[in-house]
Amino acid sequence: MKYLLTALLLSLSATPVLACETVQLGSLEISEAWSRASIGMARPGAFYVTIRNIGATDDALAGIATPVSGKPMLHETVVKDGVASMPHAPAIPVPADSTVQLEPGGYHGMLMGLTQVLKEGETFPVTLTFRDAGDVTVPVAIRGMGAKDAGCVDKKD
Amino acid sequence: MRRRTLLVIGASGVGALAFTLGLGWWQNRDSLQPGSALLPLPIGKMSFTLTNHRGVTVTPSEWIGRPTMVFFGFTWCPDVCPTTLSDISLWLQDLGPDADRMNIFLVSVDPERDTPQVLADYLSNFDPRITGLTGSLAEIKRAVEVFRATFEKVPREDDYTIDHTAGVFLFRADGRFGGIIDYHEDRRVALPKIQRLLKAAS
Ligand SMILES: [Cu+2]
């Protein structure tokens, strides 16, 4: 029970507000960027985000960069015949008029070679590179290790 | 209790037998993962020796008498494992004190890095009723095999990751296999599966 209380207290005192704001890049709306707290720096982290394409043309997320990872990559968790694997995703399609989520058990940014400990309640920047729309940097909320989403209160759609 | 009810109905003989067989068939079909040809052995027929995250030796025969939940993972796993652990933590929260009457194990498929101490640090972030198990690679392989699960080390540049069976295995208090909660399975489906085991054991 203690870990729950701690998580609750931390989430009350933290300020994930910034990371819950939507950042606009052309016809792309990027929101709910989050990651989980890390134990030390040896393990890879994961990065999740919601990308909404309100435009009429397709785009694709081609890569990510962040000062907290020496080797960030795009991955997709695939469960086939009950076995989970995590192949590299060369790009993540962001079709016209649709919403794509990097979320637990699906597409994610894999943050290998962490350069700092990810502490719950803090934020770090991630630059998303889109094939057509170009680059945009968003603040990423670091949530508890047991988190399953960005924890934004006024969640859209 | 439930068995007695079945026996009473069983007074009509053949009809009840057909019913029981039908039930068995349904449960097996429900629990089978697509592509997996075999069911896990009952716990009573399992044989392996692992160490828990408190450094205590564990054998499956000790699990009999309580419903058991087992899943495979590793602490370097960034996506599937923390998600499964938080799913389980949420189920346990929903089950409340009832879940105190269960065995809940995470079996590491990365004994190289997951020592008991590493597991202890990692699991302190989740429900304390989850026990981590690790051991020699040979014993981990024996455990994975009797669950009819799989794992495979996948080299990745100067590092590695591990593909592994992602579902949560359920066993009845008497050790018989009680189904699998697949990864991504909705909690409205997952919770009743666990509650059924607990009810049968009470
Ligand atoms: Cu990954």
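Before any of the text, the structure's been laid out above.
I will try to describe carefully the structure that is included in this document. Every value quoted in this text rests on a predicted model; they were computed, and no experiment measured them.

Conventions adopted
- Residues numbered from 1 in each chain as written.
- Chains lettered and ligands numbered in written order.
- Predicted model: local features only at pLDDT ≥ 70, side-chain atom pairs only at ≥ 80, totals over all residues.
- Heavy atoms only, no water.
- Helix = DSSP H or I, 4+ residues; strand = E, 2+ residues; numbered from the N terminus.
- Expected span 1.5 Å × (residues − 1).
- Buried < 20%, exposed > 50% of the residue type's maximum accessible area, 1.4 Å probe, protein only.
- Donors = N, O, S within 2.8 Å, 3.2 Å for Na, K, Ca; no water.
- Tetrahedral: all angles 85-135°; square planar, octahedral: opposite > 155°, others 65-115°.
- Contact = heavy atoms within 4.5 Å.
- Buried area = accessible area lost by both parts, 1.4 Å probe.
- Salt bridge = Lys/Arg side-chain N within 4 Å of Asp/Glu carboxyl O.
- Nonpolar A, V, L, I, M, F, W, Y, C, P; charged D, E, K, R; others polar.
- Phe/Tyr/Trp six-rings, centres within 6.5 Å; stacked < 30°, edge-to-face > 60°.
- Pairing = 2+ DSSP bridges.
- Axes fitted to C-alpha atoms, helices over the stretch in contact; angles between N-to-C directions.

1. Things to note about helix H3 (residues 80–95) of chain B
Counting along an α-helix, one turn takes 3.6 residues, and residues three or four places apart therefore face a common direction. Residues and elements named next belong to chain B. For H3, spanning 16 residues, the distance from its first C-alpha to its last is 22 Å, which sits close to the expected 22 Å at 1.5 Å a residue. Among the 16 residues of H3, 13 are classified as buried, and the element is accordingly described as predominantly covered. At the exit of H3 stands Gly-96, carrying a positive phi of roughly 65 degrees.

2. Regarding the coordination of the copper ion
All names here are of chain A. The protein atoms that coordinate the copper ion are His-75 (ND1), Met-86 (SD), His-108 (NE2) and Met-110 (SD), at distances spanning 2.1 to 2.5 Å. Classification of the site at the copper ion rests on its four donor atoms, whose angles at the metal span 94 to 120 degrees, yielding the label tetrahedral. Binding-site remark: the copper ion is held by donors from one chain whose sequence spacing is H-x10-M-x21-H-x1-M. Taken together, the positions of His-75 in strand S5 (residues 69–76) and Met-110 in strand S10 (residues 107–114) put the pair 35 residues apart, joining distant regions of the chain. Overall, Met-110 belongs to the buried group, its relative accessible area being 3%.

3. Let's talk about the interface of chain A and chain B
Taken residue by residue, the interface counts 32 residues in chain A and 35 residues in chain B. Between chain A and chain B, a total of about 2600 Å² is buried, with carbon and sulfur atoms accounting for 57% of that surface. Remark: the boundary between chain A and chain B carries two salt bridges. The residue Lys71(A) makes a salt bridge to Asp158(B) at a minimum N-O spacing of 3.4 Å. If you list the elements that add at least two residues to the side of chain A that touches chain B, you get helix H1 (2–13), strand S3 (45–53), S5, strand S7 (83–85) and S10 of chain A. Among the residues making up the side of chain A that touches chain B, the classes are represented as 17 nonpolar, nine polar and six charged.

4. Re the packing of aromatic side chains
All names here are of chain B. For the structure shown, the criterion picks out 10 aromatic pairs over all chains. Taking the centre distance of 6.5 Å and the plane angle of 45 degrees together, the rings of Phe-48 and Phe-147 count as tilted. You can see Phe-48 sitting in the loop between helix H2 (14–31) and strand S1 (50–52) and its partner Phe-147 sitting in the loop between helix H5 (137–146) and strand S6 (151–156), a full 99 residues away along the chain. Aromatic pair Phe-147 and Phe-169: ring centres 5.4 Å apart, planes at 65 degrees, arrangement edge-to-face. You can see Phe-147 sitting in the loop between H5 and S6 and its partner Phe-169 sitting in strand S8 (residues 168–171), a full 22 residues away along the chain. Taking the relative accessible area as the measure of exposure, Phe-147 reaches 1% and is therefore buried. Following the ring pairs from residue to residue traces out a cluster consisting of Phe-48, Trp-63, Phe-72, Phe-105, Phe-147, Phe-169, Phe-171 and Phe-177.

5. Concerning the sheet that holds strand S5 (residues 131–134) of chain B
All names here are of chain B. The strand order across the open sheet formed by seven strands is S2-S1-S5-S4-S3-S8-S9, and the pairing between neighbours is mixed. Across the chains shown, the open sheet's two edge strands, defined by having one partner strand only, are strand S2 (57–58) and strand S9 (177–181). Two strands pair when backbone bridges link them, and strand S3 (residues 68–73) and strand S4 (residues 103–108) are joined in this way by six bridges, in the parallel orientation. Directly across from Phe-71, in S4, lies its bridge partner Leu-106. The strands that H5 touches are S1, S3, S4 and S5; relative to S1, the one it contacts most, it runs at about 95 degrees. Packing against the sheet, helix H6 (residues 187–201) makes contact with S3, S8 and S9, and its axis sits at approximately 165 degrees to S9.

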